[in-house]
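Residue strings, one per chain:
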Amino acid sequence: MTSSAVSIPHGHDHGHAGHGDDHGHGHVTLQYQPGLPLSRGKLIMWLFLSTEIMFFAALLGSYVVLRFGAPIWPKPHHVHLSEPIGAFNTFVLICSSVSIVLALEAARANKVQLAKVWMVLTFLLGGLFLGVKGYEYSAKFSHGIYPVAPRGRIYERPDLYYGSAVRGRLEALRREPKDSWQSMRYSWAVRWHGSPQGAALAGWKEPETYDRLKELDEAAETSLTAEQIAGRRQLQQIQKMVLSPDQQAFDMAVVADQVMPLPAEGADHGTDHGNPEGGHGAHGLNDVFPWLKLPAVIPGGCMWASTYFLLTGFHAVHVIVGLIVFAVLLAYRLDAKRAGMIENAGLYWHFVDLVWIFMFPLLYLF
Amino acid sequence: MSDHGGSSHGPVTRSGESADETLHHSIEAGHDGHDGGHDGHGGIGKYLFVFLLLCGLTTLSFFTYSAAWPWRDQPQVGWAFMMAVSCTKAMLVILFFMHVWWEANWKYVLTIPAAMMALFLAIMLIPDVGMRNRMVSQERALHMARGSDLKLLEQAAAEDPLAAQAH
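Every value quoted in this text rests on a predicted model; they were computed, and no experiment measured them.

## Describing the overall build of chain A
Working step 1: For chain A, the helix and strand inventory stands at 13 helices and 4 strands.
Working step 2: Across the 366 residues in chain A, those meeting the buried criterion constitute 50%.
Working step 3: Across chain A, contacts joining residues at least 24 apart in sequence account for 77% of those joining residues at least 6 apart.

## Focus on a nonpolar patch on the surface
Residue and element names in this part refer to chain B.
Working step 1: Side chains of Ile112, Met116, Leu119, Phe120, Ile123 and Met124 sit close together on the surface and give an oily, nonpolar patch of about 610 Å² of accessible area.
Working step 2: Residue position: Leu119 is located in helix H6 (residues 106–130).
Working step 3: What makes Leu119 exposed here is its relative accessible area of 53%.

## A few points about the confidence of the model for chain B
All names here are of chain B.
Working step 1: On average, residues of chain B score 73 in pLDDT, and 70% of them reach the 70 mark or higher.
Working step 2: Within chain B, the element-level pLDDT minimum falls on helix H3 (residues 32–35), averaging 38, and the maximum on helix H5 (residues 75–97), averaging 92.
Working step 3: Scored as a whole, the predicted complex attains pTM 0.78, and scored at its interfaces, ipTM 0.75.

## Some points on the packing of aromatic side chains
All names here are of chain A.
Working step 1: Under the counting rule described, the total for this entry stands at 31 aromatic pairs over all chains.
Working step 2: A ring pair is formed by Tyr137 and Phe309, whose centres lie 5.0 Å apart and whose planes are at 80°; its orientation type is edge-to-face. Of this pair, Tyr137 sits in helix H4 (residues 112–142) while Phe309 sits in helix H12 (residues 301–330), placing them 172 residues apart in sequence.
Working step 3: Plain terms: the ring middles of Trp181 and Trp188 are 5.9 Å apart, the flat faces sit at 85° to each other, and that makes the pair edge-to-face.

## A short note on the interface of chain B and chain A
Working step 1: Across the contact, 75 residues belong to chain B and 86 residues belong to chain A.
Working step 2: Roughly 7,100 Å² is buried in total at the junction of chain B and chain A, and carbon and sulfur atoms are behind 73% of that figure.
Working step 3: A salt bridge links Asp149(B) to Arg157(A); its shortest N-O distance comes to 3.0 Å.
Working step 4: For the pair chain B and chain A, the interface holds 8 residue pairs in polar contact (both at pLDDT 80 or more).
Working step 5: With 13 residues, the top contributor of residues to the side of chain B that touches chain A is H6(B).
Working step 6: Classifying every residue of the side of chain B that touches chain A gives 43 nonpolar, 19 polar and 13 charged.

## Observations concerning the packing of helix H3 (residues 83–108) of chain A against H4(A)
Residue and element names in this part refer to chain A.
Working step 1: Relative to each other, H3 and H4 sit at 160°, their axes nearing to 8 Å. Taken together, the axes of H3 and H4 lie roughly antiparallel to each other. The crossing of H3 and H4 is left-handed.
Working step 2: Residues of the contact of H3 with H4, tallied by class, amount to 20 nonpolar, 5 polar and 2 charged.

## A closer look at the layout of surface pockets
Vacant regions in the atomic arrangement are exposed by a probe of water-molecule size rolled over the atoms.
Working step 1: Counted as a void, the largest pocket has a volume near 1,000 Å³.
Working step 2: Surrounding the largest pocket, 33 residues form its lining, Ile53(A), Phe358(A), Ala90(B), Ala115(B) and Ala118(B) being those nearest its centre.
Working step 3: Mapped onto the lining of the largest pocket, the elements with two or more residues apiece are helix H2 (40–69) and helix H13 (339–365) of chain A together with H5 and H6 of chain B.
Working step 4: Considering only residue class, the lining of the largest pocket consists of 30 nonpolar, 2 polar and 1 charged.

## Description of the side chain of Thr307(A)
All names here are of chain A.
Working step 1: Looking at the secondary structure, you find Thr307 in helix H12.
Working step 2: For Thr307, a relative accessible area of 5% gives the class buried.
Working step 3: Excluding residues within four positions of it along the chain, Thr307 makes contact with Tyr63, Leu66 and Trp73.

## Re the pattern of salt bridges
Working step 1: Scanning all chains against the criterion turns up 11 salt bridges over all chains.
Working step 2: Two residues, Lys42(A) and Glu103(B), come together in a salt bridge whose shortest N-O distance is 2.5 Å. Here Lys42(A) is found in helix H2, whereas its partner Glu103(B) is found in the loop between H5 and H6 on a different chain.
Working step 3: Take Lys42(A): its relative accessible area is 3%, and that puts it in the buried class.
Working step 4: The salt bridge partner of Lys133(A) is Glu136(A), with a shortest N-O separation of 3.1 Å. Here the residue Lys133(A) and the residue Glu136(A) both occupy positions in helix H4, the gap between them amounting to 3 residues, near one helical turn.

Rules used throughout
Residues numbered from 1 in each chain as written. Chains lettered and ligands numbered in written order. Predicted model: local features only at pLDDT ≥ 70, side-chain atom pairs only at ≥ 80, totals over all residues. Heavy atoms only, no water. Helix = DSSP H or I, 4+ residues; strand = E, 2+ residues; numbered from the N terminus. Buried < 20%, exposed > 50% of the residue type's maximum accessible area, 1.4 Å probe, protein only. Contact = heavy atoms within 4.5 Å. Patch = residues over 30% accessible without salt bridge, like charges linked within 9 Å, V, L, I, M, F, W, Y side chains within 5 Å. Areas by Shrake-Rupley, 256 points an atom, 1.4 Å probe, with all protein chains shown as cover. Salt bridge = Lys/Arg side-chain N within 4 Å of Asp/Glu carboxyl O. pLDDT = per-residue confidence, 0-100. Phe/Tyr/Trp six-rings, centres within 6.5 Å; stacked < 30°, edge-to-face > 60°. Buried area = accessible area lost by both parts, 1.4 Å probe. Polar contact = N/O pair within 3.5 Å; in protein donor to acceptor, adjacent residues only side chain to side chain. Nonpolar A, V, L, I, M, F, W, Y, C, P; charged D, E, K, R; others polar. Axes fitted to C-alpha atoms, helices over the stretch in contact; angles between N-to-C directions. Parallel < 35°, antiparallel > 145°, perpendicular 65-115°, else oblique. Left-handed = near helix turned anticlockwise from the far one by under 90°. 1 Å grid on protein atoms, 1.4 Å probe; cavity = no way out; pocket = protein on both sides within 12 Å on 5 of 7 lines; lining within 4 Å. Points joined across faces, edges and corners; volume = space filled by probe spheres on them.

Below you can see the structure in the form of structure tokens.
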């Protein structure tokens, strides 16, 4: 298909048959003939993108089978996911796709300054996307939505296991360290010396603790807001429920509802578009007292957190790589000679946009 | 799309950039019909048009989330609709922003095998991963969330027994 791409006047493609006869016939100008009619950089980029297609197809495909194979999946508002924020990020990425393509056009036309302006804009939009993503992540983290146990405080069911987790956290709150930094150093020391006794022999003192729940119980009503006073009463009742020897599964559902209520079916759509927390109007104890950090029940929440952070995390890593590429490109003079580089960076960036086009509805709207 | 690919212009590229330029210009010549007479094969006007289309399509899929969406009780309709919208958006990005519309036939060599692999990957996940909840151990079923848990939580939220206890 590319017969005109080569000009080999003699001995078409059997270079091995050269045997010195090119000396007799003057110059044989051999030219590089690409297997596909495009530049090497672009070919490599497309090959890379085709591997990326398979990578993200596997990721999104496993998300789809996990999500539809799951016995229950949380609603977006159960996990503090805000659709308007996701839509805004989609818009940001679309804008950045346009700006990178305009940077390419400007560079092709040798408009160096204009190309740089579009490139800077692309970089800023990519950064904005990451910033919004970070804000979204922080909203999840503040509600204890992590994929794994040490920080993750998500329980699948409001059962007795959940009750025992709440009990464990309440007991820990009765022995809160006064100085969290000192407590962290002490725990490192314990790990280093193998045991608390070993740490004590090495001169480490156990950090001082105080009873945070008692402190709350004894706080004067004047120092608390009305919401905090009501929350304190709820907390006292919850303690009775989880410590009661004859607790029932339904009691645990009540506890879970007080700690972090899930919005009702009717209330979760179309009512709180403006809420940046991405959630419900209802306030749980974890919202009233952020230090409480009690385990919460989100049916299907663990699998949701794993897939959400894996998918958006891999996408965010791709965005970061794109930003690095743009930063490198910004160091160059973006003229027609660099158009190939910009085109390849742009192809990559459009692909990142493409992945988000599928991720946004799958994660936020399904 | 295919009639634009392997045109008689002979997509010719050498490793140099200058050849790239001639390639674009020679191929552009064949597209004046739907181009509306832009000089670059993209043209800012065309990119902005695609941009507006993308924004409009995003709004469309966001519409499924609004109260005005008529198939609220059948989520499958919304899912199918959103996937159709996403595929349309992806097509627009690939064809115009990634310039595939103006590329030669090599695009099929790269994209079709990758797309097939992607499809097979997803299909192969279904038996192992997607159906894993059909047969689970008792231990796992004990900890697995159920629809009844959600009902329990909603019931707890509706009844507010703490308030009842307090008074």
